[in-house]
Amino acid sequence: MVQTISLLGSTGSIGRQTLDVCREQGIRVAALTARNSIDLLEQQAREFRPQLVAVNELEAALELAKRLAGLDVEIAYGLDGLRRAASLPESEAVVTAVVGTAALWPTMAAIEAGKRVAFANKETLVCAGELVMDAAKRYGAEIIPVDSEHSAIFQCLQGSRDRGEIKKLILTCSGGPFFGLSREEVGKKTKADALRHPNWAMGEKITIDCATLMNKGLEFIEAMRLFRVTPDQVSVVIHRQSIIHSMVEFRDGAVLAQMGTPDMRLPIRYALTYPDRGASQLPPLDLLSCPPLTFAPPDLEAFPCLRMAMDCARTGGSSCAVLNAANEEAVDLFCREEITLGQIPDLVARALDAVPCVSRPAMEEILDADRRARECVKEAVK
Ligand code: MG
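About the thresholds
- Residues numbered from 1 in each chain as written.
- Predicted model: local features only at pLDDT ≥ 70, side-chain atom pairs only at ≥ 80, totals over all residues.
- Heavy atoms only, no water.
- Pairing = 2+ DSSP bridges.
- Helix = DSSP H or I, 4+ residues; strand = E, 2+ residues; numbered from the N terminus.
- 1 Å grid on protein atoms, 1.4 Å probe; cavity = no way out; pocket = protein on both sides within 12 Å on 5 of 7 lines; lining within 4 Å.
- Points joined across faces, edges and corners; volume = space filled by probe spheres on them.
- Nonpolar A, V, L, I, M, F, W, Y, C, P; charged D, E, K, R; others polar.
- Donors = N, O, S within 2.8 Å, 3.2 Å for Na, K, Ca; no water.
- Buried < 20%, exposed > 50% of the residue type's maximum accessible area, 1.4 Å probe, protein only.
- Axes fitted to C-alpha atoms, helices over the stretch in contact; angles between N-to-C directions.
- Contact = heavy atoms within 4.5 Å.
- Right-handed = clockwise from strand over helix to strand, strands pointing away.

(A) Region of interest: the pairing of strand 11 (residues 255-259). As paired elements, strand 10 (residues 244-250) and strand 11 share five bridges and run antiparallel to each other. Each residue of the ladder has a partner; that of Met 247, found in strand 11, is Ala 257. The turn joining strand 10 and strand 11, which pair antiparallel and follow one another in sequence, is formed by four residues; a positive phi near 95° is taken by Gly 253.

In structure tokens:
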């Protein structure tokens, strides 16, 4: 179990739940970072007394410095601030709860400092997963997934030392709020409809991704990268109840599942207490009052985002970065109510057509593909 952490993205949904786990387990927080929620960040700094607090903009940093003048805390800002928080010598682990590709640089800084990375940002693994995992190996940094499905797989793999034993990783998917609808019906849904997720309370971007099933597509690629398996070794099954968080099928026919009440504090706690298990104060899963557990195949016609992600997983190279960046831009446009939900897959498809795929891309080529995909989406809606 770790004693001290840096928390990147402390005011979002995962960030706040990470602080719940820190209170519960008595874990010290040495650094907090947030994009711009100054009020909450101030409150968190007063409670956890970190030595470093970082925000995005200089202006916010100056305001925060004024408010926290009585505290012994250093205020930093920008990419440099994030990197310093990620590599702080006092922290044994870094929780990356920043949304989007923005987490890439601080994540690399944490890896280069040899930290345990509690990975709560899937975009980084999708766009640059091979480079991230290679760097983790090189610097001896432990990567522990916080995404509930990948945490489930990680837990099921404890005790299995040979990756050759894995036959298949089975990702479970709630199906989101539009399960059972046609592509046309899904395309007409509004932002308010999309934000109504049946089982999980999460941030805005990921909730929209859950409605289009792009989230499961990104998780498909994330699973390949984290566990170094081929796309043929990953499958998706719809499981509406979100009780089984994912499964591993082994070569001897055994299928292990990790189950629990859907609550992100479990995978967060596990990433921080691993290889031990910390005690939870939440009510345990009650099997007798649980609804029947059901399984169904995903509908790739109604949810083309999942199909495109599976295709990119097979194509590899820079295509995953294009998929991720185009989706981030399209979801942003949808959240500002400038496009319909149905336009998200259309814009992603357009970017995948327009930006040429580079095989075995270096970091610069990934960033270039990311930038071109974003430009392509912006250009298309002009
Ligand atoms: Mg997930």
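Now, onward.
(B) Representation of empty space enclosed by the protein. Per the counting criterion, the structure on display carries one cavity of 30 Å³ or more. Every residue lining the largest cavity is counted, 11 residues in all, and those nearest its centre are His 245, Gln 258, Asp 263, Leu 266 and Pro 267. When contributions to the lining of the largest cavity are tallied by element, the ones reaching two or more residues are helix 7 (148-156) and helix 12 (265-273). Counting residues per element, the lining of the largest cavity draws most heavily on helix 7, which supplies three residues. Grouping the amino acids of the lining of the largest cavity by side-chain chemistry returns four nonpolar, six polar and one charged.

(C) Spatial organisation of the coordination of the magnesium ion. Looking at the magnesium ion, one finds its protein donor set to be Asp 147 (OD), Glu 149 (OE) and Glu 219 (OE), positioned 2.0 to 2.1 Å from the metal centre. On the primary sequence, the residues serving as donors to the magnesium ion are separated as D-x1-E-x69-E. With a gap of 70 residues between them, Glu 149 in helix 7 and Glu 219 in helix 11 (residues 214-227) connect regions that are remote in the sequence. A relative accessible area of 8% places Glu 149 in the buried class.

(D) Structural detail: the sheet that holds strand 6 (residues 116-119). The seven strands are arranged 4-3-2-1-5-6-7 in an open sheet whose pairing can be described as parallel. Because the sheet does not close on itself, it has two edges, and the strands there are strand 4 (74-77) and strand 7 (143-145). Here the strands of the sheet are splayed against their neighbours by 20° on average, with no regard to which way each runs. Here helix 1 (residues 13-25) sits on the sheet and contacts strand 1 (4-8), strand 2 (28-33) and strand 5 (93-96); the angle it forms with strand 1, its principal contact strand, is near 165°.

(E) Broad picture of the sheet that holds strand 9 (residues 234-238). Sheet architecture is open: four strands sit in the order 9-8-10-11, paired in mixed fashion. If you trace the sheet from one side to the other, it starts and ends with strand 9 and strand 11, each paired once. Across the sheet, the mean angle from the axis of one strand to that of its neighbour is 20°, orientation sign disregarded. Of the strand pairs in this sheet, strand 8 (residues 166-173) and strand 9 are connected by five bridges, and their pairing is parallel. If you follow Leu 169 over to strand 9, its bridge partner there is Val 234. Where helix 11 meets the sheet, it contacts strand 8 and strand 9, and its direction lies at approximately 150° from that of strand 8.

(F) Quick look at unusual backbone geometry. The amide bond that connects Tyr 274 to the next residue, Pro 275, takes the cis arrangement and shows omega of 5°. Mapping Pro 275 onto the fold places it in the loop between helix 12 and helix 13 (304-315). Of note, the phi angle at Arg 228 is positive, near 50°, even though the residue is not glycine. With respect to the helices, strands and loops of the structure, Arg 228 is situated in the loop between helix 11 and strand 9. At Arg 360, a position not held by glycine, the phi torsion is positive, near 45°. Inspection of the secondary structure puts Arg 360 in the loop between helix 15 (343-354) and helix 16 (363-381).

(G) Structural context of the pairing of strand 6. Of the two faces of strand 6, the one lined by Arg 116 and Ala 118 and the one lined by Val 117 and Phe 119 are each fully buried. Alignment of strand 5 against strand 6, held across four bridges, turns out to be parallel. Bridging across to strand 6, Ala 93 finds its partner in Arg 116. Taken together, strand 5, helix 5 (residues 104-112) and strand 6 form a β-α-β motif whose crossover is right-handed. For strand 6 and strand 7, the ladder comprises three bridges, and the chain directions are parallel. Note that in strand 7 the partner of Ala 118 across the bridge is Ile 144. In this view, the connection linking strand 6 to its parallel neighbour strand 7 by way of helix 6 (residues 122-139) has right-handed handedness.

Any functional reading would require information beyond the geometric quantities listed.
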